[in-house]
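Listed below are the residues making up each chain.
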Amino acid sequence: DFPTAFVNWWTGGVVGMIALLPAIWTGSPSGIRRTFVGRGAAEFRIWVLAVAAIAAVARFHFAQPFIIIVLPLLIVAFRMGVFRTTLINFVAIIATMTTAVVIRFNGAQAPASDYLAQLGIGQLGFYCAISVLGPLLVSIVVAQREHAAQELARAKLHLETISDNIPAMIGYVDTDRRYRFVNSYYELWYGMPRDEIVGRTLRDLMGEAYDPSLDVNIDRVLDGDAVRFAAQSSDGREVEAAYIPHV
């Protein structure tokens, strides 16, 4: 009848959409190769076996097994990426449903208050698919954050490459007057690596040679005014400076 057909279509569609479609969407030849034979393949196989065992034991011994099953899947979501998480989610679904079939076929005693024993296989598949939705979403969010971090790292590298090849000292100072970015010419000028310059103020870098009149120019640029001026360093080098506000 129509209600039964609708339920079968719905549960089958949900299982396929949540359990298999993300794997097809995120899979690639290189990703598949890394998963099964590349670096991390051993860890993937361990998680497959562990999740399958946990799902089977939880389904057999607990009235509400999905709480137990989801815990290792969340760990997988943080460690393995979307593609591998999807595959291991599918393993959890298959292990849970296979255990349910074995329990019914052998007439084993289900746990007390086991509401899952009253469900059909299609309905059980629906519950399984819904239970792995959380770990799937977590893996997607983690992947997006990792992608954003990689893009930020690439942008920083591009900025450093460009600024290091401009024959001038280029730096960024925050509202606390501390350097947050400097190019390689700062290293040459102050004779120290940029990692030691970032986080310091101009007063920290210049020490006793710091000219208090520079505070006036720094105050102006922090107020939103562009400032240009000429000065002389303590060792007699002429300096032409341009301070541009962050707008």
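Residues numbered from 1 in each chain as written. Predicted model: local features only at pLDDT ≥ 70, side-chain atom pairs only at ≥ 80, totals over all residues. Heavy atoms only, no water.

## Focus on the overall build of the protein
- Broken down by element type, the protein carries ten helices and four strands.
- In sequence order, the protein lays out its α and β elements as α-α-α-α-α-α-β-β-α-α-α-α-β-β.
- Taken over 247 residues, the protein has a buried fraction of 32%.
- When contacts within the protein are restricted to residue pairs at least 6 apart in sequence, long-range pairs at least 24 apart make up 53% of them.
- Carbon and sulfur atoms form 63% of the exposed surface of the protein, whose accessible area is close to 15300 Å². (Helix = DSSP H or I, 4+ residues; strand = E, 2+ residues; numbered from the N terminus. Buried < 20%, exposed > 50% of the residue type's maximum accessible area, 1.4 Å probe, protein only. Contact = heavy atoms within 4.5 Å. Areas by Shrake-Rupley, 256 points an atom, 1.4 Å probe, with all protein chains shown as cover.)

## Focus: the packing of helix α2 (residues 29-36) against helix α4 (residues 66-106)
- Running from N to C, α2 and α4 cross one another at 60°; their axes reach a closest spacing of 10 Å. For the element pair α2 / α4, the angle class is oblique. For the pair α2 and α4, the sense of crossing is right-handed. Contact residues: α2 offers G31, I32, R34, T35 and F36, while α4 offers F83, R84 and L87.
- The residue inventory of the contact of α2 with α4, partitioned by class, reads four nonpolar, two polar and two charged. (Axes fitted to C-alpha atoms, helices over the stretch in contact; angles between N-to-C directions. Parallel < 35°, antiparallel > 145°, perpendicular 65-115°, else oblique. Left-handed = near helix turned anticlockwise from the far one by under 90°. Nonpolar A, V, L, I, M, F, W, Y, C, P; charged D, E, K, R; others polar.)

## Remarks on the packing of α2 against helix α3 (residues 41-61)
- Where α2 meets α3, the axes come as close as 6 Å, and the angle between the chain directions of the two elements is 75°. When the axes of α2 and α3 are compared, the pair comes out roughly perpendicular. Of α3, the residues touching α2 (which contributes R34, T35 and F36) are A41, F44 and R45.
- Partitioned by chemical class, the residues of the contact of α2 with α3 number three nonpolar, one polar and two charged.

## Remarks on the pairing of strand β3 (residues 227-232)
- As defined by bridge partners, β3 adjoins strand β4 (residues 238-243) across six bridges and the pair is classed as antiparallel. When the bridges of β4 are listed, A231 appears paired with V239.
- Between β3 and β4, which pair antiparallel and follow one another directly, the connecting turn spans five residues, one of which, G236, has a positive phi of 90°. (Pairing = 2+ DSSP bridges.)

## Observations concerning the layout of surface pockets
- Approximately 1400 Å³ is the volume attributed to the largest pocket.
- Within the residue set of the lining of the largest pocket, elements represented by two or more residues are β1 (171-173), α7 (184-190), α9 (202-206), α10 (214-222), β3 and β4.
- Considered class by class, the residues forming the lining of the largest pocket number 26 nonpolar, ten polar and ten charged.
- Of the pockets and cavities examined, the second largest pocket occupies roughly 660 Å³.
- Lining the second largest pocket are 23 residues; nearest its centre among them are R34, M80, G81, V82 and E146.
- Secondary structure elements with two or more residues in the lining of the second largest pocket: α2, α4 and α6 (133-164).
- When residues in the lining of the second largest pocket are grouped by element, the largest group, eight residues, is from α4. (1 Å grid on protein atoms, 1.4 Å probe; cavity = no way out; pocket = protein on both sides within 12 Å on 5 of 7 lines; lining within 4 Å. Points joined across faces, edges and corners; volume = space filled by probe spheres on them.)

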